[in-house]
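# Understanding the architecture of this molecule
Residue-level listing of the chains:
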Amino acid sequence: MFEDWYLEDLLDKNVKTMWPLTDKYLLQLIKKVFDRIGISEDLKNFISIQQIMEKYNYVEKADRMLHWDLERLKFDDYVESKEENGTVFYKYTSKELPTDYEEIYNWCCKEDPRSAYAFRLLALIADNYEEILEGKTSGVNVIYSPEHIHIIHEYYQSGLFYTVNNVLGGKVLNYEVDKRENPRILELGGGLGSGTKQFLEQRKAAGKDLKSFHYHFTDVANSMLRKTKKPLEEITGDLSNFEFSKYDFNKTISEQGLEEEQADIIWAVNAIHVAYDLKFTLQQLYRLLKPKGSLLIVETVRPIYCPWVQHEFIINSLDDYANIKLDKDWRPAHGFMRWTNWVKAVEAGGFDIVDTIPNMAEVEAKYNNCYTTVIRGQKK
């Protein structure tokens, strides 16, 4: 039902062309960072991440940042590795990286200005990379500083690659809402409301009722709840069928004053992956759902073509990114998950029927760089 639309309209020509170009841009950014710091000189010979960290006195978080960088370069054969006594050593190969990152940026921005936000966010982290590795600052401080916060806002609200998550999520949410009479919707980790706005704007553009549902918007931060109300009211005219409150993925629903079986639809856009114990969080959401209810998890997922998702260069710099409970069967490492692992996780959370929208097995057979999906868990 959604497969053709996903491959032709959602992941359109610009997304399919510019996503891999952004990968090439990022590889060159990493090389520039290594050149500036001196790591490129070290990589002329085999060296381990631990040796790099000791030489430059980097903080613990630098281990996962450098590992991601080196493995991403290795994926495209710019770096090779060898293992000795359980330690991995890295070295540049003879393959030379192009230096056309400015041309890539200029061409993409000309073809589709929405692509600029991803480039700017990647460049922002790269410009501050050494200070983050040294622990002098953090990714959060860099991204959310007063002089830079507009970049992350633009990325989430209008960025070419990120908005596909909101568009897909909004379309599937509308599909679920239209099957029900006055459903209760619970959104988790709503942030600045970009997903909510997309849902409402799609509904408004189709001439559908904006009051035929009850909408409960949540986020873990009170500041997000305050900031979101005004832009939503500009779309709806009033918020009489909305409520706003905090929700913490890592607490029970009873701790948060919520009763069982109160929501017909629960949805979240790129949020649930931050839960410390994913199985626990999903079990709580199952309790919140009414019988016949649906959980819609809109997530960036690792594509077949390149499992190293470019956005990880940014979020690896965040202090709590790796603070999760792992599971050997469906969450073997921190970071983005394959859609197949998400299906296993939702099943482990107790959901009776689990599928993806679109059918990911079908779309991946036709295009190998599918990086967003909806994992749907249903309660009988």
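Here goes a summary of the coordinates provided. (Residues numbered from 1 in each chain as written. Predicted model: local features only at pLDDT ≥ 70, side-chain atom pairs only at ≥ 80, totals over all residues. Heavy atoms only, no water.)

A separate point is the nonpolar core. Membership of the largest hydrophobic core comes to 125 residues, with the highest contact counts inside it found for Tyr6, Phe34, Tyr58 and Leu285. Considering every element that reaches this core, the biggest residue donor is helix H2 (residues 13-37), with eleven residues. Look past the residues within four positions of Phe34 in its chain and what remains in contact with it is Ile39, Ser40, Leu43, Leu66, Asp69, Leu70, Leu73 and Tyr92. (Core = buried A, V, L, I, M, F, W, Y, C linked by side-chain atoms within 4.5 Å. Buried < 20%, exposed > 50% of the residue type's maximum accessible area, 1.4 Å probe, protein only. Helix = DSSP H or I, 4+ residues; strand = E, 2+ residues; numbered from the N terminus. Contact = heavy atoms within 4.5 Å.)

The next thing to look at is the sheet that holds strand E1 (residues 47-48). On the basis of which strands lie adjacent, the open sheet formed by three strands has the order E1-E3-E2 and antiparallel pairing. Each end of this open sheet is capped by a strand with a single partner; those strands are E1 and strand E2 (79-84). Of the pairings in the sheet, the one linking E1 to strand E3 (residues 87-92) comprises two bridges and is antiparallel in character. Bridge pairing links Ser48 to Phe89 in E3. Against the sheet, helix H5 (residues 62-75) touches E2 and E3, its axis set at about 115 degrees to E2. (Pairing = 2+ DSSP bridges. Axes fitted to C-alpha atoms, helices over the stretch in contact; angles between N-to-C directions.)

Moving on: the pattern of salt bridges. Counted by the stated rule, this structure contains 26 salt bridges. Note that Lys136 is salt-bridged to Glu134, the shortest N-O span being 3.0 Å. On the accessibility criterion, Lys136 (65% relative accessible area) is exposed. Notably, a salt bridge pairs Arg376 with Glu176, separated by 2.9 Å at the nearest N-O pair. Here Arg376, found in strand E10 (residues 372-378), pairs with Glu176, found in helix H11 (residues 163-178); they are 200 residues apart in sequence, far enough to count as distant. In terms of burial, Arg376 and Glu176 fall into one category: buried. Through salt bridges with shared partners, one network takes in Glu176, Lys179, Arg180, Asp355 and Arg376. (Salt bridge = Lys/Arg side-chain N within 4 Å of Asp/Glu carboxyl O.)

In this section: unusual backbone geometry. In this chain, Ile357 is followed by Pro358 through a cis amide linkage whose omega measures 0 degrees. Unlike most non-glycine residues, Asn85 shows phi in positive territory, near 55 degrees. Topologically, Asn85 is positioned in the loop between E2 and E3. Look at Lys292: it is not a glycine, yet its phi comes out positive at around 75 degrees. As for its placement among the helices and strands, Lys292 is situated in strand E8 (residues 289-300).

What follows is about the packing of helix H7 (residues 116-127) against helix H10 (residues 149-158). Close contact between H7 and H10 brings their axes to 9 Å; oriented N to C, the two are set at 145 degrees. Where H7 crosses over H10, the handedness of that crossing is left-handed. For the pair H7 and H10, contact is made by Tyr117, Ala118, Arg120, Leu121 and Leu124 and by Ile151, Ile152, Glu154, Tyr155 and Ser158, respectively. Classifying every residue of the contact of H7 with H10 by side-chain character gives seven nonpolar, one polar and two charged. (Left-handed = near helix turned anticlockwise from the far one by under 90°. Nonpolar A, V, L, I, M, F, W, Y, C, P; charged D, E, K, R; others polar.)

In short, the description is geometric, and any link to function would need to be established separately.
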